[in-house]
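Listed here are the chains, written in short residue letters.
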Amino acid sequence: MIKLLPEELINKIAAGEVIERPASVVKELIENSIDAGASKIKVEIQKAGTKLILVSDNGLGMAKEELSMAVERHSTSKIQDFDDLFNIHTLGFRGEALPSIASVSKFEMISKKKDALAGNVLSIEGGKILSIGECGAPNGTTVSIKDLFFNTPARKKFLKSDTTEINHITDYVLKYSLSYPNISFELISDGNIALRSPGSGSLKDALASAYGVDFVKGLISVSQEFGFGKISGFISPPSTSRIDKSYEIFFVNNRYIHNFLLNRALEEAYRNLIPGMRYPIGIIFIDIDPKLIDINVHPAKREVKFQNTKDIMDAIKKTAASGLNNLFDKPAESPYQAGQNFGEKWEPAMADILFPNDNFQLPQTKIELDISSVQPLIPLYQLKETYIIATDGIDMVVIDQHAAHERIIYDKLLGGNPVSQPLLVPANIELGIKESTVLKNNLKYFLELGFELEEFGGNTFILRATPQLPPKINVAQIIIDAIAELLEIGESTAIEQKKDNLKKSIACHSAVRAGDKLTDEEINQLIKDLYSTKNPLTCPHGRPTMIRITHLEFEKSFMR
Ligand SMILES: Nc1ncnc2c1ncn2[C@@H]1O[C@H](COP(=O)(O)OP(=O)(O)OP(=O)(O)O)[C@@H](O)[C@H]1O
Ligand SMILES: [Mg+2]
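Note that the coordinates shown come from a computational prediction; the quantities given were computed from them, not determined experimentally. (Residues numbered from 1 in each chain as written. Chains lettered and ligands numbered in written order. Predicted model: local features only at pLDDT ≥ 70, side-chain atom pairs only at ≥ 80, totals over all residues. Heavy atoms only, no water.)

Colleague: It is not clear to me how the overall build of the chain should be interpreted in this structure. Could you clarify?
Modeller: Of the regular secondary structure elements, the chain holds 17 helices and 22 strands. Dimensions of the chain, computed from C-alpha atoms along their principal axes, come out at roughly 95 × 60 × 50 Å. If you take every contact in the chain between residues at least 6 apart in sequence, the share linking residues at least 24 apart comes to 69%. Within the structure as shown, the chain displays about 27,600 Å² of accessible surface, and the carbon and sulfur contribution to it stands at 53%. Side chains of the chain give 63 positive and 72 negative charges; the mean places of these two sets differ by 3 Å. (Helix = DSSP H or I, 4+ residues; strand = E, 2+ residues; numbered from the N terminus. Contact = heavy atoms within 4.5 Å. Areas by Shrake-Rupley, 256 points an atom, 1.4 Å probe, with all protein chains shown as cover. Lys, Arg positive; Asp, Glu negative; His and termini not counted. Charge placed at Lys NZ, Arg CZ, Asp CG, Glu CD.)

In structure tokens form, the structure reads like this:
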């Protein structure tokens, strides 16, 4: 028998699509407050939003009738007919968010219009209206959500750890603080201020309060007009890159969206400028005639369909490339310094394994090198500034310079009791909110590795000393990368694994990279340093540092 489902159940089904987790509630409520013209939006959460989410704004507010209409399904003040759907200037348009939220929580909405004498309060539990009545209230709207998913236990079970859920919430508030820098946002989590944006109208200020002043300093401002509209924002110089794409951020008409084609377009502008497996920073705003896009393609409006995606991709690439164009006059600095590591007292650690018969012969080569009796390999050539071709006089050996250097640094960090080198001038490291929490929780492990870091209030840290690292290395960048990896593996990982990850991350991010030109001296030192490690044959991630092509293989290939 075919039956029409009851309204409450319809709402619950819709909620399944729109409201995945506490962060979805925060997102929808913030969007409503922005659409209502608020200049101040405060978000308070308790227990990662599972106990309480409270969003208050100083926007337009609603009268009593509007309040009860707002929670009806498909009721919206934002569009009126089909044509409007393709000309959307607001963040909301479906009239779906509030009824969805109210069907899976204990919901209360208080609202007052500016010229009204009193406000009104509406209470709903699991989609059932409990009461509506007059009350005293400030101008604007406050929505409070208690016990989210109390009546959909399956959904509740799918929630991740509190830290993860808080991260998702922070992310939304943070992204909207960037696209609406004229609005002052505040996020309070279990009584602590997690984020506060100034609402000064300047994107730079908003970026600084989200990610720290240092983050903003090096960024390049870009802006270019196109037939469809405008691309603008900030991008990083090639010297600053990240280990993941989380700082490639796109807004379409101020709506934060995901579209991997846009990421690709931005990355394209950095091709050959930053090493492979690293990603640029780009806070990119696409302003486009709403008629040229369709937002109605994803239940949570996370995606946008462009009428002509290729135009947008080309425009992003062009805008970023022209921003980068002014920066190409600096000579590259050599990243690997000769003599910095083990000096002259070098002994191969695995001599017996590597040269079992101990009748190591010096190759007949014309290269002038300071050959000692323990020089294991004679470097011949740096191939594509990535591989070192070398020989022991019998076999040919190809070394991956990055993997080799990674092993050298990792072994030094493994050694324990690292020699900390105090910085002449302590450095300030300013981090974003998420990153600073991770660093606070893991400060002692950084200290064990020789990074003397101190909290300086807010999200700022002072770096007083570092372990012995290659010179000219950007230590702040290494710390930021290590934090990103800690974030990735999660708080609950076992301590030993965390510590090891940290060492690997530091080794990886401070090692020379593919594409770094090395001098003969540096190459020679790298080989010596590599052979003094405990395991010269693999990098800390287990990949080979070198491959050997034996003379027997040559003979076979040449059919001798
Ligand atoms: N904070 C607020 N201030 C003023 N009016 C609001 C506020 N929140 C909601 N409303 C009103 O309630 C209506 C319904 O809100 P709801 O979020 O359910 O739908 P929407 O925003 O129109 O569309 P969508 O489902 O796409 O978000 C809105 O159209 C708006 O008129
Ligand atoms: Mg809405």
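Colleague: Explanation requested: the UniProt feature "domain: DNA mismatch repair protein S5" (unreviewed entry) in the chain in the structure shown.
Modeller: The feature "domain: DNA mismatch repair protein S5" (unreviewed entry), as given by UniProt, occupies residues 207-325 in the numbering adopted here. With 31% helix and 28% strand, residues 207-325 has end C-alpha atoms that lie 23 Å from one another. (UniProt positions renumbered as here; feature names shortened; annotations may be inferred.)

Colleague: Honestly, the nonpolar core in this entry has me stumped. Any pointers?
Modeller: Most often, soluble globular proteins keep nonpolar side chains buried together rather than apart. Grouped together as the largest cluster of nonpolar side chains are 60 residues, with contacts concentrated most on Phe107, Met109, Leu178 and Leu207. Domain assignment of the residues forming this core places at least three in each of domain 1 (7-198) and domain 2 (218-325). Every residue in contact with Phe107, bar those within four places of it in the chain, is listed here: Val71, Leu98, Ile101, Ala102, Leu122, Ser123, Ile124, Val143, Ser144 and Ile145. By size, the runner-up hydrophobic cluster in this structure holds 31 residues, among which are Ile79, Val222, Phe228 and Val252. (Core = buried A, V, L, I, M, F, W, Y, C linked by side-chain atoms within 4.5 Å. Buried < 20%, exposed > 50% of the residue type's maximum accessible area, 1.4 Å probe, protein only. Domains from an automatic or database assignment.)

Colleague: What is the right way to look at the site of ligand 1 in this model?
Modeller: Close to ligand 1 lie 20 residues, the nearest being Thr76, Ser77, Lys78, Glu96 and Lys301. At a separation of 2.7 Å, an oxygen atom of ligand 1 approaches a polar side-chain atom of Lys78. Relative to its unbound accessible area of 590 Å², ligand 1 is 93% covered by the protein chains. Listed by contribution, the elements that provide at least two residues to the shell around ligand 1 are α2 (22-35) and α4 (97-103). Here the element with the most residues in the shell around ligand 1 is α4; it accounts for three residues. When its residues are assigned to classes, the shell around ligand 1 shows seven nonpolar, seven polar and six charged. (Near = heavy atom within 4 Å. Polar contact = N/O pair within 3.5 Å; in protein donor to acceptor, adjacent residues only side chain to side chain. Nonpolar A, V, L, I, M, F, W, Y, C, P; charged D, E, K, R; others polar.)

Colleague: Can you help me understand the sheet that holds strand β9 (residues 220-226) in this one?
Modeller: Strands belonging to one sheet form pairs held by backbone hydrogen bonds; the direction of such a pair is parallel or antiparallel. Taking strand neighbours across the sheet as the criterion, the five strands line up as β9-β10-β13-β11-β12 in an open arrangement whose pairing is mixed. Every other strand in the sheet has two partners, leaving β9 and β12 (255-257) as the edge strands with one partner each. Taking each pair of neighbouring strands and ignoring which way they run, the sheet shows an average axis angle of 20°. As defined by bridge partners, strand β11 (residues 248-252) adjoins β12 across three bridges and the pair is classed as antiparallel. Residue Phe250 lies in a different strand from β12, and its bridge partner there is Ile257. Packing against the sheet, helix α9 (residues 260-269) makes contact with β10 (229-235), β11, β12 and β13 (282-288), and its axis sits at approximately 125° to β11. (Pairing = 2+ DSSP bridges. Axes fitted to C-alpha atoms, helices over the stretch in contact; angles between N-to-C directions.)

Colleague: Explain the packing of helix α6 (residues 162-179) against helix α7 (residues 203-211) here, please?
Modeller: The description of two packed helices rests on the angle between their axes and on the distance between the axes. Between α6 and α7, the least distance of the axes is 8 Å, while the angle of their chain directions is 160°. In terms of orientation, α6 lies roughly antiparallel with respect to α7. As for how α6 packs across α7, the hand of that crossing is left-handed. Seen from α6, the contacting residues are Leu174, Lys175, Ser177 and Leu178; seen from α7, they are Leu203, Ala206, Leu207, Ala210 and Tyr211. (Parallel < 35°, antiparallel > 145°, perpendicular 65-115°, else oblique. Left-handed = near helix turned anticlockwise from the far one by under 90°.)

Colleague: What should I look at first to understand the environment of Asn259 in this one?
Modeller: Relative to the helices and strands, Asn259 resides in the loop between β12 and α9. Note on Asn259: relative accessible area 14%, which makes it buried. Distance in space between the C-alpha atoms of Asn259 and Gln477 is 27 Å, their sequence separation being 218 residues. Within the local environment of Asn259, its side chain forms a polar contact with the backbone nitrogen of Leu261, the two atoms lying 2.9 Å apart.

Colleague: Teacher, can you tell me more about helix α15 (residues 495-510) here?
Modeller: At 3.6 residues per turn, the α-helix brings residues three or four places apart onto the same side. The end-to-end C-alpha distance of α15, which contains 16 residues, comes to 22 Å, matching closely the 22 Å that a straight helix rising 1.5 Å per residue would cover. Among all positions of α15, only Lys498, Lys499, Asn501, Leu502, Lys503, Ser505, Ile506, Ala507, Cys508, His509 and Ser510 are buried. Residues of α15 that are buried sit in contact with α12 (401-414), α13 (433-448) and α14 (475-489). (Expected span 1.5 Å × (residues − 1).)

Colleague: Got a minute to help me understand the packing of aromatic side chains in this structure?
Modeller: The relation between two aromatic rings is expressed through the spacing of the ring centres and the mutual angle of the planes. As enumerated under the stated definition, the model contains eight aromatic pairs in all. Arranged with centres 5.5 Å apart and planes meeting at 40°, the rings of Phe215 and Tyr247 form a pair that is tilted. Note that Phe215 is positioned in helix α8 (residues 213-217) and Tyr247 in the loop between β10 and β11, a separation of 32 residues in sequence. Just as Phe215 is buried, Tyr247 falls in that class too. With a centroid separation of 5.6 Å and 0° between ring planes, the pair formed by Phe226 and Phe228 is classed as stacked. Residue class for Phe228 comes out buried when judged on its relative accessible area of 14%. Taken together, the ring pairs in this structure connect Tyr211, Phe215 and Tyr247 into an aromatic cluster. (Phe/Tyr/Trp six-rings, centres within 6.5 Å; stacked < 30°, edge-to-face > 60°.)

Colleague: What am I meant to see in the sheet that holds strand β1 (residues 40-46) here?
Modeller: With mixed pairing, the eight strands of this open sheet are ordered in space as β5-β4-β3-β6-β2-β1-β7-β8. Because the sheet does not close on itself, it has two edges, and the strands there are β5 (128-135) and β8 (192-196). For this sheet, the mean angle separating the axes of adjacent strands, direction not counted, is 10°. Where β1 meets strand β2 (residues 52-57), six bridges bridge the pair, whose relative direction is antiparallel. From the neighbouring strand, Lys42 faces β2, where its bridge partner is Ser56. α6 contacts β1, β7 (184-189) and β8 of the sheet and is inclined by roughly 170° relative to β7.

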